[in-house]
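Observations on the model geometry
What follows is each chain in one-letter form.
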Amino acid sequence: MKSFAELQQVGQQLKIQQELRAKAEAERIAKEKQAKIEANLFRSVVGDVSELKKTEKVYPVTPKPAPLPFKHFEDEKKALQESLSDEFDAGTLLESDENLSFTRPGVGLDVAKKLRQGNWVIQAQLDLHGMRRDQARDSLGEFLRKSLRSGLRCVRIIHGKGLGSINKEPILKNKVRNWLIQKDEVIAFSQATAADGGAGALIVLLRAS
């Protein structure tokens, strides 16, 4: 037989457990009530909803870039190099003036005279300073083609005076004259005036495109 004190202790423990269960139940009911309130609030704000229709996915197709015609570029470069020969001697075609100018047959004397005097407006220029022979030749051919396509008539070619070359000889200066005479689009050229570069440049007149 338990004593009266022990029974009282057991009764207190049971009472505490009942209070804890009652408190937990009250908290559960309160949470459920709050969840219902929040759910009703969400529905009232959002309103009726419907399921999105399923559509087939579309994957964008990125077009591939066109292949570069490297073979065509190479053929053009070879044709350019073959069209400008280093063996060509333009000495007999140059006029025997101090500027060693050149004019094609049929070009008026007044045109050549104005070119030598610097009366033509220079529309573009190419600087060949520091280039090796092959690079200078390719650059000159490409520059003349672009100038002709753009409708330019008067351009300047800066070849330098050869002061930085071996033995101070103007090798590139003479090469440029030979190359220009071989280009059909060049109808005349002359050494630039002092204001436009003097002995280090040529003023070139191109045929009308």
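These notes cover the structure that comes with them. (Residues numbered from 1 in each chain as written. Predicted model: local features only at pLDDT ≥ 70, side-chain atom pairs only at ≥ 80, totals over all residues. Heavy atoms only, no water.)

**Concerning the environment of histidine 159**
Test applied: Secondary structure elements are taken from DSSP: a helix is a run of H or I of four residues or more, a strand is a run of E of two residues or more, and numbering for both begins at the N terminus. Any two residues having at least one pair of non-hydrogen atoms within 4.5 Å are treated as being in contact.
Mapped onto the fold, histidine 159 is located in the loop between strand 3 (154–158) and helix 5 (171–181). With 17 residues separating them along the chain, histidine 159 and valine 176 place their C-alpha atoms 7.4 Å apart. Those residues within four positions of histidine 159 in sequence are excluded, and the remaining contacts are Leu128, Leu172, Lys173, Val176, Arg177, Ala199, Gly200, Ala201 and Leu202.

**Some thoughts on the packing of helix 4 (residues 133–149) against helix 5**
The condition is simple: The angle between two axes is taken between their N-to-C directions and runs from 0 to 180 degrees, where each axis is a line fitted to C-alpha atoms and a helix contributes only its stretch in contact. Working rule for angles: under 35 degrees goes down as roughly parallel, over 145 as roughly antiparallel, 65 to 115 as roughly perpendicular, anything else as oblique. Here a crossing is taken to be left-handed if its near helix is turned anticlockwise relative to the far helix by less than a right angle, and right-handed if that turn runs clockwise. The residue classification treats Ala, Val, Leu, Ile, Met, Phe, Trp, Tyr, Cys and Pro as nonpolar and Asp, Glu, Lys and Arg as charged. All others, Gly included, are polar.
Look at helix 4 against helix 5: their axes get within 11 Å of each other, and the N-to-C directions meet at 40°. Taken together, helix 4 and helix 5 sit at an angle that is classed as oblique. In the packing of helix 4 onto helix 5, the handedness of the crossing is right-handed. Facing Arg133, Ala136, Arg137, Leu140 and Leu144 of helix 4, the residues of helix 5 in contact are Leu172, Lys175, Val176, Trp179 and Leu180. Across the contact of helix 4 with helix 5, the residue classes tally to seven nonpolar, no polar and three charged.

**A short note on the sheet that holds strand 1 (residues 102–103)**
Short version of the rule: The criterion for strand pairing is that DSSP finds at least two bridges linking the strands in question.
If you trace the five strands from one edge of the open sheet to the other, you get 1-4-5-3-2, paired in mixed fashion. The sheet is open, and its two borders are formed by strand 1 and strand 2 (124–127), each paired with just one other strand. Bridge analysis of strand 3 against strand 5 (residues 201–206) gives five bridges, and the strand direction is antiparallel. Note on strand 5: the bridge partner recorded for arginine 156 is isoleucine 203. The strands touched by helix 3 (residues 109–117) within the sheet are strand 1, strand 4 (186–191) and strand 5, with strand 4 carrying the most contacts at an inclination of about 40°.

**Re the nonpolar core**
Selection rule: Nonpolar core, defined: a set of buried Ala, Val, Leu, Ile, Met, Phe, Trp, Tyr and Cys residues in which side-chain atoms within 4.5 Å join the residues together. Residue burial is assigned from relative accessible area. The probe radius is 1.4 Å, only protein chains are included, and a residue is buried under 20% of its type maximum, exposed over 50%, and partly exposed in between.
Ile157, Val176, Leu180, Phe189 and Val204 are the most contacted members of the largest nonpolar core, which has 20 residues in total. When contributions to this core are tallied by element, the ones reaching two or more residues are helix 4, strand 3, helix 5, strand 4 and strand 5. Looking at this core element by element, the count peaks at five residues for helix 5. The residues touching leucine 180, leaving out its near neighbours within four places in the chain, are Arg104, Leu140, Leu144, Val186, Phe189, Leu202 and Val204. Within the second largest apolar cluster, nine residues are counted, among which are Ile158, Ile187, Ala201 and Leu205.

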